[in-house]
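A structural walkthrough
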Amino acid sequence: MAAGADWDWVDTDGTWEPPAIDTTVPHSARMYDYWLGGKTNFAPDRALGDEVEKIIPTIRMMARENRRFLGRAVRELMLREGIRQFLDIGTGIPTEGNTHEVAQQVDPAARVVYVDNDPIVLAHARALMVGSAPGRTAYVHADLREPEAILAHPALAQTLDLGRPVGLMLVSILMLLPDAEDPWALVGTLRDALPAGSCLVISHVTGDFAPAAVASVARAEQEGQLPLTPRGRADVARFFGDWELLEPGVAPVMAWRPEGPEPQDPKAAYYWAGVARKPG
């Protein structure tokens, strides 16, 4: 598509084909879609999703609260920080309140690059993640474990201007990387590539609020061939490096700048959340 179109799809050599979708094992993005009431999920996703729900009966509420945090963070970055472009890694299956939908309600010219490694997200992205005419939305099929490849992808350069502040969205994705893969270094590579004034948005599952229940979920998901690494507040804060945390800092996801009344029990959703700005 020509510059200024609302969707960009980059095929660098003309021969690339989407990878096969394995529906015989559960996938975190499809489980999340199931908890949110979506239809892009399969029997193994629902089976493990139901098992998790037996351990944590409020898991669907938690998924919704995590999604609400994404929307609040995008609006705050646009209205208070002046950011008009976003890099959303681990975006998951398109559903209501996608980053570009929230952003383009504020400014129709906002631009978003989505990144995910789930083939089913790829299959749905072109049809569902279509931005407004003045803006632009692109999708990159890539893995957070290879941040250099994400940053070097043609779709990113064609959609975002890395000379201007970017909102880096890592919402409910870092928990899928074990400590052994040093996710702090991976995030550091992304932070280093962004200019001053950029902001990093993170939400992360934690065992701080309900240790036994979250540990049981982690075991269940690992048995289902899904990695899950809950982290405490200090380890979540490490992802922000030396960037300036915006108020209220690393907080329970429901307590991060809530819209409306303060939540009665902000720790009812087992996520830490925070937003930080690159100084300078």
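Rules used in this analysis
- In this numbering scheme, every chain counts its residues from 1 along its sequence in written order.
- Only residues with pLDDT of at least 70 are given local features in this predicted model, and only at 80 or more are side-chain atom pairs given and counted; all residues enter the totals for whole chains, interfaces and linings.
- Excluded from the side-chain calculations are hydrogens and water; all other atoms, namely the structure's heavy atoms, are used.
- Residues enter a nonpolar core if they are buried and are Ala, Val, Leu, Ile, Met, Phe, Trp, Tyr or Cys, with the set joined through side-chain atoms within 4.5 Å.
- Exposure is judged per residue with a 1.4 Å probe applied to protein chains only, and the accessible area is read against the type maximum: over 50% gives exposed, under 20% gives buried, and values in between give partly exposed.
- Helix numbering and strand numbering both begin at the N terminus, where a helix is a DSSP run of H or I of at least 4 residues and a strand a DSSP run of E of at least 2.
- Charged residues are defined narrowly, with Lys and Arg counted positive, Asp and Glu counted negative, and His plus the chain ends left uncounted.
- For this document, the term salt bridge refers to a Lys or Arg side-chain nitrogen within 4 Å of an Asp or Glu carboxyl oxygen.
- The term polar contact refers here to a pair of N or O atoms within 3.5 Å; inside protein, the definition further demands a hydrogen-donor-capable atom paired with an acceptor-capable atom, and it admits residues adjacent in sequence only when both atoms are side-chain atoms.
- What makes two residues a contact is simply this: any of their non-hydrogen atoms within 4.5 Å.
- Angular values range over 0 to 180 degrees, each being the angle between N-to-C directions of two axes fitted as lines to C-alpha atoms, with helices fitted over their stretch in contact.
- The sense of a crossing depends on the near helix, which, turned anticlockwise from the far helix by less than a right angle, makes the crossing left-handed and, turned clockwise, makes it right-handed.
- Under the grouping applied here, Gly and all other residues not named as nonpolar or charged are polar, the nonpolar ones being Ala, Val, Leu, Ile, Met, Phe, Trp, Tyr, Cys and Pro and the charged ones Asp, Glu, Lys and Arg.
- The pocket and cavity definitions rest on a 1 Å grid over protein atoms only: a 1.4 Å probe that fits but cannot leave marks a cavity, an open set with protein on both sides within 12 Å along at least five of seven lines marks a pocket, and residues lining either have an atom within 4 Å of a point.
- Grid points are joined across faces, edges and corners, and a volume is the space filled by probe spheres set on the points.

For the protein chain, an unreviewed UniProt entry supplies the name SAM-dependent methyltransferase and the organism Streptacidiphilus monticola.

Quick word on the nonpolar core
Counting residues in hydrophobic clusters, the biggest one holds 86 residues, and the most contacted among them are Phe86, Leu87, Ile89, Leu170 and Val275. The greatest single-element share of this core, amounting to 10 residues, is contributed by helix α3 (residues 59-81).

What to know about the side chain of aspartate 116
Looking at where aspartate 116 falls in the secondary structure, it is placed in strand β3 (residues 111-116). The charged side chain of aspartate 116 is buried without a salt bridge, its nearest counter-charge being arginine 30 at 9.1 Å. Among the polar contacts listed, one links the side chain of aspartate 116 to the backbone nitrogen of threonine 91, at a separation of 3.3 Å. Look past the residues within four positions of aspartate 116 in its chain and what remains in contact with it is Gly90, Thr91, Gly92, Val121, Tyr139, Val140, His141 and Ala142.

So, the pattern of salt bridges
Counting across every chain of the model gives 13 salt bridges. Here arginine 277 ties to glutamate 244 by a salt bridge, and the two come within 3.0 Å at their closest N and O atoms. You can see arginine 277 sitting in strand β9 (residues 271-277) and its partner glutamate 244 sitting in strand β7 (residues 244-245), a full 33 residues away along the chain. The exposure class assigned to glutamate 244 is partly exposed, which follows from its relative accessible area of 37%. In this structure, a network of salt bridges that share partners links the residues Glu76, Arg80 and Arg257.

Some words on the packing of α3 against helix α4 (residues 99-106)
Taken N-terminus to C-terminus, the directions of α3 and α4 make an angle of 35°; their axes are 9 Å apart at the nearest point. As for how α3 packs across α4, the hand of that crossing is right-handed. Together, Leu70, Gly71, Val74, Arg75, Met78 and Leu79 of α3 and Thr99, Val102, Ala103 and Val106 of α4 make up the contact between the two elements. Among the residues making up the contact of α3 with α4, the classes are represented as 7 nonpolar, 2 polar and 1 charged.

Section: helix α8 (residues 183-192)
Among the 10 residues that make up α8, 7 are buried, leaving the element largely enclosed by the rest of the structure. Listed as buried for α8 are Pro183, Trp184, Leu186, Val187, Gly188, Leu190 and Arg191. Next to the buried residues of α8 lie β2 (85-89), α6 (147-152), β5 (167-171), β6 (199-205) and α10 (233-238).

Looking at the layout of surface pockets
Computed from the structure, the largest pocket encloses a volume of approximately 840 Å³. Taken together, 50 residues form the lining of the largest pocket, with Ser28, Ala29, Ser172, Met175 and Leu176 sitting closest to its centre. Across the lining of the largest pocket, the residue classes tally to 31 nonpolar, 10 polar and 9 charged. In this structure, the second largest pocket occupies an estimated 430 Å³ of space. If you go around the second largest pocket, you meet 19 residues; those closest to its centre are Arg64, Glu65, Arg67, Arg68 and Gly71. The element contributing the most residues to the lining of the second largest pocket is α3, with 7 residues. Taken together, the residues of the lining of the second largest pocket sort by class into 6 nonpolar, 4 polar and 9 charged.

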